[in-house]
Amino acid sequence: MSTVLPDNNEAAQTNGSTYASDEEIAQAARILESGGLAAFPTETVYGLGADAANPQAIELLYKTKGRPADHPSIVHLYSIEQLPLWASRIPDDALRLAERFWPGPMTLILPKRPEVSAAVTGGQNSVGIRLPSHPVAIKLLKTFGRGIAAPSANRFGRISPTTAQHVKDDFGADVPVVLEGGPCQVGVESTIIDFASNESEPKILRPGMLTAEIISDYLNKPINFGVGAKAPGTLKKHYSPRTSSFLVPSSELTAACQDKNCAILSWHACPIPNNSSSEKQGHWIIMPDNPEDYARRIYSWLRYLDSKQLSAIYIEQLPDSPEWAAVRDRLTRATAR
Ligand code: TXA
Ligand code: MG
């Protein structure tokens, strides 16, 4: 059994990337201006951006991503002062969260202004807004000056990208502009909180690393999970590797992986000593035992393993505790049948 530590593998390497230059960012802004697409880093995952006020640009975005037109996209802004251009109402609790947690890995669903196009909202009367904290995203948003619609920069249904290379791997020449921003620091998509359905009872539509506990502590009231109207991130099967993947209890891990062409993601060391009889078994990857580092690396690992033509990926079941909710959610969907 070969054992790999999280940092000792090309899946976790940062290849010493430097951030996109001001000139590259200005060029990306010009492309957005002319109705084209530009991918850019955020602290959660890379986004595939289009002018949020240009329905043809959104149409091109959805066509390129392979996403159905009735799914809404998040509009990215750089300042809370831009909110009233998009939202017709900003409930007090939403504003409190915005002032406390933006820029950061949180999306607020708010009632939309009538002039916000149906192309970006998927025909709903709400709009999803986020202020990302990645410096390249902020610079792009400021240079462009208006809202950028950006779903995660992956082909529909596949694993979200957490490096510029992941975006290039997915889209190649279809998305010629990918701004470099290094590996994403959060690693899984933002927490989505819906204030549009019932503003006095906001609901979490998608868990993220900003947890329900942090939000409910800050608002000083309980917050429940809900289901969004059309939210790909809430489809039962999503974020999927092509390789058959399974969530497995710790006690069954070694028995599950009996073939040298499989991989195990565990946060325990392999219990089988490295001897010849174990050569029939697969790659044992030790994952970080804290949710932040695990989240930062999991998509890179899944993409990397997915490129290796393995027979299966076995993932050790995650703790039931709230701080693991986002990673648990993504891996439950990734392994859903
Ligand atoms: O971290 C993130 O949120 C990343 C980065 C790029 O910002 N974006 C992202 O976008 O994950 P996407 O499109 O892959 O997922 C956004 C989710 C979708 O599930 C979408 O349906 C939901 O947000 N959403 C957007 N606007 C909505 C709305 N008005 N009502 C309900 N759900 C909405
Ligand atoms: Mg996505």
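Above this text you will find the structure in question.
Cut-offs used in this document
- Residues numbered from 1 in each chain as written.
- Chains lettered and ligands numbered in written order.
- Predicted model: local features only at pLDDT ≥ 70, side-chain atom pairs only at ≥ 80, totals over all residues.
- Heavy atoms only, no water.
- Patch = residues over 30% accessible without salt bridge, like charges linked within 9 Å, V, L, I, M, F, W, Y side chains within 5 Å.
- Areas by Shrake-Rupley, 256 points an atom, 1.4 Å probe, with all protein chains shown as cover.
- Salt bridge = Lys/Arg side-chain N within 4 Å of Asp/Glu carboxyl O.
- Lys, Arg positive; Asp, Glu negative; His and termini not counted.
- Charge placed at Lys NZ, Arg CZ, Asp CG, Glu CD.
- Helix = DSSP H or I, 4+ residues; strand = E, 2+ residues; numbered from the N terminus.
- Core = buried A, V, L, I, M, F, W, Y, C linked by side-chain atoms within 4.5 Å.
- Buried < 20%, exposed > 50% of the residue type's maximum accessible area, 1.4 Å probe, protein only.
- Contact = heavy atoms within 4.5 Å.
- Pairing = 2+ DSSP bridges.
- Axes fitted to C-alpha atoms, helices over the stretch in contact; angles between N-to-C directions.

A. Fine view of a negative patch on the surface. Judged by side-chain charge, Glu 213, Asp 217, Glu 292 and Glu 323 come together as a negatively charged surface patch. Positionally, Glu 292 belongs in helix α9 (residues 291-306).

B. Structural context of the nonpolar core. Grouped together as the largest cluster of nonpolar side chains are 44 residues, with contacts concentrated most on Leu 97, Leu 108 and Ile 193. At the level of secondary structure, the elements contributing two or more residues to this core comprise β3 (47-51), α2 (55-65), α3 (92-101), β5 (106-111), β6 (126-130), α6 (164-171) and α7 (212-219). With sequence-adjacent residues up to four places away left out, Ile 193 is seen in contact with Leu 97, Met 106, Thr 107, Leu 108, Ile 109, Pro 202, Lys 203, Ile 204, Ile 215 and Ile 223. Counting 26 residues, the second largest nonpolar core, distinct from the first, contains Ile 159, Leu 265, Trp 301 and Ala 326.

C. Spatial organisation of the pairing of β6. Of all 5 residues in β6, 5 are buried, a share of seventy percent or more. Along β6, one buried face is formed by Ser 126, Gly 128 and Arg 130 and the opposite face, lined by Val 127 and Ile 129, is buried too. Bridge count for strand β4 (residues 74-76) against β6 is 3 bridges, and the pairing is parallel. Bridging from a neighbouring strand, Ile 74 pairs with Gly 128 of β6. Relative to β6, β5 runs antiparallel, the two being bridged by 4 bridges. Bridging from a neighbouring strand, Pro 111 pairs with Ser 126 of β6.

D. Focus on the sheet that holds β6. Taken in spatial order, the 9 strands make up an open sheet running β2-β3-β7-β4-β6-β5-β8-β9-β10, and their pairing is mixed. Each end of this open sheet is capped by a strand with a single partner; those strands are β2 (38-40) and β10 (224-225). α3 contacts β5 and β8 (191-194) of the sheet and is inclined by roughly 155° relative to β5.

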